[in-house]
Amino acid sequence: MSMSLRLPTPARLGYSFNWVGRIGLAVILFWAVIAIIGPWITPYPTGEMVDFDYFGPVSQKFWMGTDYLGRDILSRVIMGARYTVGIALAAVTLACAGGVLLGMIAGVMGGWFDTLLSRLLDAFNGIPSLLFGLVVVAAVGSSIPVLILTLAAIYLPGAYRFARALAVNVNTMDFVTVARARGEGFAHLILREIFPNILGPVLADLGLRFVFIVLVLSGLSFLGLGVQPPNADWGALVRENIEGLSLGAPAVVFPSIAIASLTISVNMFIDNLPTRIRDRSA
Amino acid sequence: MLRSATTWLLVGQRFGIAAITLVIVSFAVFFATELLPGDVAEILLGQAATPEAVAGLRTAMGLDEPAIWRFLSWLAGLASGDLGMSYVNNVSIADMLSGRLANSLRLAGIVTLVCVPVALFLGIASAMWRGSVLDRLVSMLTISVISVPEFMVATLAVLIFAVWLGWLPALSYGVDVDSWGAMLRAYAMPVITLSFVVAAQMIRMTRAAVIETINTPYVEMALLKGASRTRMVLRHALPNALGPIANAVALSLSYLVGGVIIVETVFNYPGVAKLMVDAVSTRDLPLIQSCAMIFCFSYLLLITIADMIAILSNPRLRR
Amino acid sequence: MTEPLVCVRDLRIGATTDSGRKVEIIKGVSFDIAPGEIVALIGESGSGKTTIALSLMGHARPGCAIHGGTIRLGRHDVTGMTERQRAALRGTEVSYIPQSAAAAFNPSKRIMDQVVEITSIHNLMPRAKAEAKARELFRALALPDPDTIGSRYPHQVSGGQLQRLSAAMALIGDPQLVIFDEPTTALDVTTQIEVLRAFRSVMGQGNMAGVYVSHDLAVVAQIADRIIVLRGGVVQEEGTTEQILTAPAHAYTRQLLDAFEPVPHVAAPKTGAQARPILQVDNLCAGYGAIRNGEPAAKILQNVSFRLERGRNLGVIGESGSGKSTLARAIAGILPAYRGNIQLDGAELKPDLAQRSKDQLRRAQIVFQLADTALNPAQSIETILGRPLTFYHGMKGAKRAARVAQLLDMVHLPNALRHRLPSELSGGQKQRVNLARALAADPELILCDEITSALDTVVAAAILDLLKELQRELNLSYMFISHDLSTVEAICDDVLVMLKGRVVEALPAARMSAEAVHPYSRLLISSIPKLDTGWLKGLEQDPELIALFARR
């Protein structure tokens, strides 16, 4: 059967993206590709001092100038994409997977489990995210797994809350009641009946959370508590080269542009998703 | 206006919930800080300390007692206003905190005064003229600001106002604040930075809340009565969007107490957030706990106030 | 004939769908309305009747726009006006009574403020005078407590009252034209009568013209002078009410009228009293909320008992809040009953469905009213129909596919539909899939919860025919819940009349109209509009009964 697999893809449901959304998507894909193929396209080894001058200007040899030790910025930005995109993606996936799963369970089960979990995570929300990250990282020391877990922990309550609200909405729909009346088990209700119907908004939410995580990660790195030297994500690159600012060095500008381009394009993409994807709950 | 007894019951209930949450939070905060690796006594005495000395100090500091007991006595202390003594320099936490907290609150207060009116105005206006040039401009600006790390906003502000224009000092503290002009200059940079960040969030959420109510049948009904756009939004949509807007403002403002660590660092501003980060590196548990409690308390307070505004503005909830 | 008040010529309205496709929803509609005349726009969902009515106010819903044609209202050319000029027209020249007054009243403002708002928007009169006029209108609309009702909030008055209050809101500016947008569709029949009466009396007094949008010919027959039949954005037929009802010229109009004719249901033969009933319910009690001392906080069902014999159909009728849907849920085990006894084919059913066996669950299936929400929008029709096959019968692969095709055929849907998503189906098709899913279980009893209520009359009639056909082939029994008496008459052998969670009367459906004795049953039966222009005028109801049973 040639047509037996007709998934509800955006195109099939008649969704289309406008040009702002497309630009956003293009930039996101660009950075994703860079993050994947990074090690093979850096013009210079990232850790090596290749210029005798520090804070070198943009030149034929160094497209984005050099940093405070005379390292090639282009290479470091390319490798920085790995850390920024990679850590943020891992963290957001963990946060959303955990939050959505717990949210669906709480939303469908209700009762004391729901009340307790909701209260607890609500209170957790009150702790400023960056501060929480700082405290944990300062206490346990910074490493990439610690960063990922901390960032995921920060954004799990929000994802939980969002998914729970959606799940509660879907749970009241008749098709879930029909499945329940049929005698279906809890897992079927959650995975087959509810999850596919909250997927759209959850993915949009994941995008926004990704932006927040990139920002907090950059903030941590900017304060010296993120990715540790000699490795550097984009936030750390800004920190390393902040003195170059008054010298007019491009070293601090390009990492900043990299961060902004990624986060703005994710926002642009999410903002211009067709409303039917964003709020399917309606 | 007359408020019935049930209204006050509802309001009291919200406060009750907030109080219970606060206790849960204090429990979580206390035991989370207990989990921090590293022993205070060892850190205080340095690596050369003998095990006997460490043990002696632990007993002296009361660290030998069971955790739950220490938690209860700490909680009792909190309730009576005694925040305990710093482990590190034996100063009362209350003394260490008061100056810093005043600084933080002052900054937060100024930002609130600047931000809230501007944000509400822009949020409502861009919802009212959705799709207009103003709306698109505001939208673009707010997306850019919330998409950009705070340190970049701060750095940009320094670059523009201190380096290029030379109007303002780059650092805010340490400058003598002896006149209104001097104070204005001292606070200008952190205030500008924070205002941008906080206002952007508030504008977006306000706009979304107002647009949601604009799409309701009763606002369409107002249109069909011949109401102007301003009347539709201000008289019909806005009163019903008050709850969500209050919530948005509360969320943004809660950020101002503890979330400003970047701004405090960049501008060398001595606030509570920085104090807490410093406390972590010295393992000063009582100080960490107190700071965390301050943040959670201010968050809960703001959220509860927003909740109450929502209740009082909705006749269905306050019957 | 005098100069018409409203003159619509070749009106074309286009809409942009979610996917950005442009479609024309009104395709060149022309009609006139004379001063003081009430014209009804009749049509099924998607016929464009509301869109046309709103365009008379110069308003198009978001995504829609007037593309061509002219609308003249009095001496104003509505199509050529600026938005500001149109706003000046709204409320003073033409005003609007919405379908759901409950949604159209601002929940955070007092009723009086909203009723007199038109006078302050257009500076018609001082506030005190406007309030006095509003109170006069409240009286004319037979609202209770006309002097104080204005100080309440919308959530504090009933639906029927809100609907009449919205009429006061529309009439306060003395418009020349009033648009009624299905104003009684959301109301119960006993409430509908009073609202219709109020509309008739105020429209009769002033010399106002009206546009009455509805899908219900019987309702329209009571109030309109002329009827315009619409379908797919095109006028099918136009004529006086009398002519449309008695001598329809267009085939589609006849189809609409035919759907009204009660199809006599041949009652299934009664089996002996000793035969085992498929469903027997004794003293069933169910409710919602926290359970204390074994009883829930809100008790809905109270001591409901009945028996349904195999091969027969039981109708349950009642107005909103009568507990008829709760009854279906309690029998299905979705809402566990806290007292009473349910027997399926002689075997006891546990209250909670979690404690029933898979086979018990399979034998009794429930079908819900709104196919839109009853079908998982993320699953294809094949998945939706295949799941119960796998779940109850362990079918897989080709065997399941063949059975899905068979099921689709049973409900007269083409097999090609099985790859579609529910959103790609029409309302009637969705309801057929909804039924097919229940059939997939090979049930003996189907609980039908208002399954035709959300459908257009013609489509609903086809679904009823399908139900009968399936019953003949599969020896099914139906429990048929509805607020619509004629639907129940068309398919059921016996009827339960429910009021406030209790069964007030049980009797054979065929003799229902003639033999009902309980006063509430009589009130309910007499409240159903008839296809007769004189019905409402000639209707006499006992005011004491109304006070007792109707929630107005």
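Residues numbered from 1 in each chain as written. Chains lettered and ligands numbered in written order. Predicted model: local features only at pLDDT ≥ 70, side-chain atom pairs only at ≥ 80, totals over all residues. Heavy atoms only, no water.

### Description of the overall build of chain C
- Of the regular secondary structure elements, chain C holds 23 helices and 20 strands.
- Projecting the C-alpha coordinates of chain C onto the three principal axes gives extents of approximately 70 × 55 × 45 Å.
- Each of the 552 residues in chain C was classed as buried or not, and the buried ones make up 56%.
- Restricting to contacts in chain C with at least 6 residues of sequence separation, those with at least 24 account for 68%.
- Total accessible area on chain C is roughly 21800 Å²; 50% of this is exposed by carbon and sulfur atoms.
- Distance between charge centres in chain C, computed from 61 positive and 58 negative side chains, equals 6 Å. (Helix = DSSP H or I, 4+ residues; strand = E, 2+ residues; numbered from the N terminus. Buried < 20%, exposed > 50% of the residue type's maximum accessible area, 1.4 Å probe, protein only. Contact = heavy atoms within 4.5 Å. Areas by Shrake-Rupley, 256 points an atom, 1.4 Å probe, with all protein chains shown as cover. Lys, Arg positive; Asp, Glu negative; His and termini not counted. Charge placed at Lys NZ, Arg CZ, Asp CG, Glu CD.)

### As for helix α1 (residues 19-41) of chain A
Residues and elements named next belong to chain A.
- By the largest-angle criterion, Ala-35 marks the main kink of α1, which is about 50°, and a proline, Pro-39, follows within four residues.
- Along α1, the positions that sit buried rather than exposed are Gly-21, Gly-24, Trp-31, Ile-34, Ala-35 and Gly-38.
- In this structure, the buried side of α1 is in contact with α2 (73-109), α8 (234-240) and α9 (253-271). (Bend = angle between axes of the 7 residues up to and from the residue.)

### A look at unusual backbone geometry
Residue and element names in this part refer to chain C.
- Positive phi, close to 50°, is recorded for Asn-303, a residue that is not glycine.
- Relative to the helices and strands, Asn-303 resides in strand β12 (residues 295-308).
- On the basis of relative accessible area, Asn-303 is assigned to the partly exposed category, the value being 41%.
- The residue Lys-500 is not glycine, and still its phi comes out positive at about 45°.
- Within the secondary structure, Lys-500 is located in the loop between β19 (494-499) and β20 (502-508).
- A relative accessible area of 53% places Lys-500 in the exposed class.

### Some points on the packing of aromatic side chains
- Taken as a whole and judged by the stated rule, the model has 8 aromatic pairs over all chains.
- The interplanar angle of 65° and the centroid separation of 5.0 Å between the aromatic rings of Phe-30 of chain A and Trp-31 of chain A together place this pair among those described as edge-to-face.
- For Phe-30 of chain A, a relative accessible area of 45% corresponds to the partly exposed category.
- Arranged with centres 4.7 Å apart and planes meeting at 65°, the rings of Trp-31 of chain A and Trp-234 of chain A form a pair that is edge-to-face. You can see Trp-31 of chain A sitting in helix α1 and its partner Trp-234 of chain A sitting in helix α8, a full 203 residues away along the chain. Assigned by exposure class, Trp-31 of chain A and Trp-234 of chain A land together as buried.
- Aromatic rings pair up to connect Phe-30, Trp-31 and Trp-234 of chain A into one cluster.
- The ring centre of Phe-391 of chain C lies 4.2 Å from the NZ or CZ of Lys-358 of chain C, which sits over that ring. (Phe/Tyr/Trp six-rings, centres within 6.5 Å; stacked < 30°, edge-to-face > 60°. Lys NZ or Arg CZ within 6 Å of the ring centre and 35° of its normal.)

### Things to note about the nonpolar core
- Membership of the largest hydrophobic core comes to 91 residues, with the highest contact counts inside it found for Trp-234 of chain A together with Ile-261 of chain B.
- At 13 residues, the largest contribution of residues to this core is made by α2 of chain A.
- Each residue touching Trp-234 of chain A, except ones within four places of it in the same chain, is listed here: Trp-31, Val-77, Gly-80, Ala-81, Thr-84, Pro-255, Ala-258, Ile-259 and Leu-262 of chain A. (Core = buried A, V, L, I, M, F, W, Y, C linked by side-chain atoms within 4.5 Å.)

### Overview of the pattern of salt bridges
- If you walk through the whole model with that rule in mind, you get 42 salt bridges over all chains.
- Put simply, Asp-135 of chain B and Arg-207 of chain B hold a salt bridge, and the shortest N to O gap is 2.8 Å. Of the two residues, Asp-135 of chain B sits in helix α6 (residues 133-147) while Arg-207 of chain B sits in helix α8 (residues 180-214), which places them 72 residues apart along the sequence.
- Taking relative accessible area as the criterion, Asp-135 of chain B reaches 4% and is therefore assigned buried.
- For Arg-207 of chain B, a relative accessible area of 21% puts it in the partly exposed group.
- The shortest N-O distance in the salt bridge between Arg-307 of chain C and Glu-309 of chain C comes to 3.9 Å.
- Several salt bridges converge on common partners, so that one network encompasses Asp-113, Arg-127, Glu-131, Arg-135, Arg-139 and Asp-147 of chain C. (Salt bridge = Lys/Arg side-chain N within 4 Å of Asp/Glu carboxyl O.)

### A word on the sheet that holds strand β9 (residues 226-231) of chain C
Residue and element names in this part refer to chain C.
- Spatially, the 6 strands line up as an open sheet ordered β6-β7-β8-β3-β9-β10, and their pairing is mixed. Two strands lie at the open edges of the sheet, namely β6 (94-97) and β10 (234-240), each paired on one side alone. Geometrically, the sheet is characterised by an average inter-axis angle of 20° between neighbouring strands, direction not taken into account.
- As paired elements, strand β3 (residues 38-42) and β9 share 4 bridges and run parallel to each other. The residue of β9 that forms the bridge with Leu-41 is Ile-228. (Pairing = 2+ DSSP bridges. Axes fitted to C-alpha atoms, helices over the stretch in contact; angles between N-to-C directions.)

### Section: the interface of chain A and chain B
- With 32 residues of chain A in contact, the opposing surface of chain B contributes 32 residues.
- Both faces combined, the contact of chain A with chain B buries some 2800 Å², and carbon together with sulfur accounts for 80% of it.
- Connecting chain A to chain B are 2 residue pairs in polar contact (both at pLDDT 80 or more).
- Those elements that place two or more of their residues in the side of chain A that touches chain B are α3 (111-125), α4 (129-140), α7 (186-222), α8 and α9 of chain A.
- Grouping the amino acids of the side of chain A that touches chain B by side-chain chemistry returns 21 nonpolar, 8 polar and 3 charged. (Buried area = accessible area lost by both parts, 1.4 Å probe. Polar contact = N/O pair within 3.5 Å; in protein donor to acceptor, adjacent residues only side chain to side chain. Nonpolar A, V, L, I, M, F, W, Y, C, P; charged D, E, K, R; others polar.)

### Examining the side chain of Glu-264 of chain B
Residue and element names in this part refer to chain B.
- Tracing the backbone shows Glu-264 in helix α11 (residues 261-266).
- The buried charged residue Glu-264 lacks any salt bridge, with Arg-100 as its nearest oppositely charged partner at 5.5 Å.
- Among all residues touching Glu-264, those that are not within four sequence positions of it are Ser-104, Tyr-269, Gly-271, Val-272, Ala-273 and Lys-274.

### Things to note about the sheet that holds β19 of chain C
Residues and elements named next belong to chain C.
- Read from one edge to the other, the open sheet built from 6 strands follows the order β16-β17-β18-β13-β19-β20, with strand pairing classed as mixed. Each edge of the open sheet carries a strand with a single partner, namely β16 (364-367) and β20. On average, each strand axis in the sheet is tilted by 15° relative to the strand beside it, whichever way the strands run.
- Sheet topology note: the β16/strand β17 (residues 445-449) ladder contains 4 bridges and is parallel. Looking at β17, one finds that Ala-364 is bridged to Leu-445.

### Concerning helix α6 (residues 127-140) of chain C
All names here are of chain C.
- Counted at 1.5 Å a residue, the expected span for α6 with its 14 residues is 20 Å, and the 20 Å between its end C-alpha atoms agrees.
- Taken together, the buried positions of α6 are Ala-130, Lys-133, Ala-134, Leu-137 and Phe-138. Buried residues of α6, seen end-on, are gathered within an arc of 150° and therefore sit on one face of the element. Exposed and oriented more than 90 degrees from the buried face of α6 are Ala-128, Lys-129 and Glu-136.
- Looking at the packing, one finds that the buried side of α6 touches α4 (111-115), α5 (117-121) and α7 (159-171). (Expected span 1.5 Å × (residues − 1). Arc of directions from axis to C-beta.)

### Side note on the packing of helix α5 (residues 93-128) of chain B against α6 of chain B
Residue and element names in this part refer to chain B.
- Remark: α5 packs on α6, axes separated minimally by 8 Å, with the N-to-C direction vectors making an angle of 130°. With respect to α6, the element α5 is oriented oblique. For α5 against α6, the interelement crossing comes out left-handed. Across from Leu-122, Ala-125 and Ser-126 in α5, the residues of α6 making contact are Leu-134, Asp-135 and Val-138. (Parallel < 35°, antiparallel > 145°, perpendicular 65-115°, else oblique. Left-handed = near helix turned anticlockwise from the far one by under 90°.)

### Some remarks on the confidence of the model for chain B
- Summing up the model confidence of chain B, the mean pLDDT is 80 and the portion of residues at 70 or higher is 86%.
- Mean pLDDT values over the elements of chain B span from 67, in helix α2 (residues 40-45) of chain B, up to 91, in helix α9 (residues 217-224) of chain B. (pLDDT = per-residue confidence, 0-100.)

### Overview of the pairing of strand β13 (residues 313-317) of chain C
Residue and element names in this part refer to chain C.
- For β13, the tally of buried residues reaches 5 of 5 residues, placing the bulk of the element in the interior.
- Residue alternation in β13 divides its side chains into two sets, Asn-313, Gly-315 and Ile-317 and Leu-314 and Val-316, and both sets are buried.
- Of the pairings in the sheet, the one linking β13 to β19 comprises 4 bridges and is parallel in character. In the strand pairing of β19, Leu-314 is matched with Asp-494.

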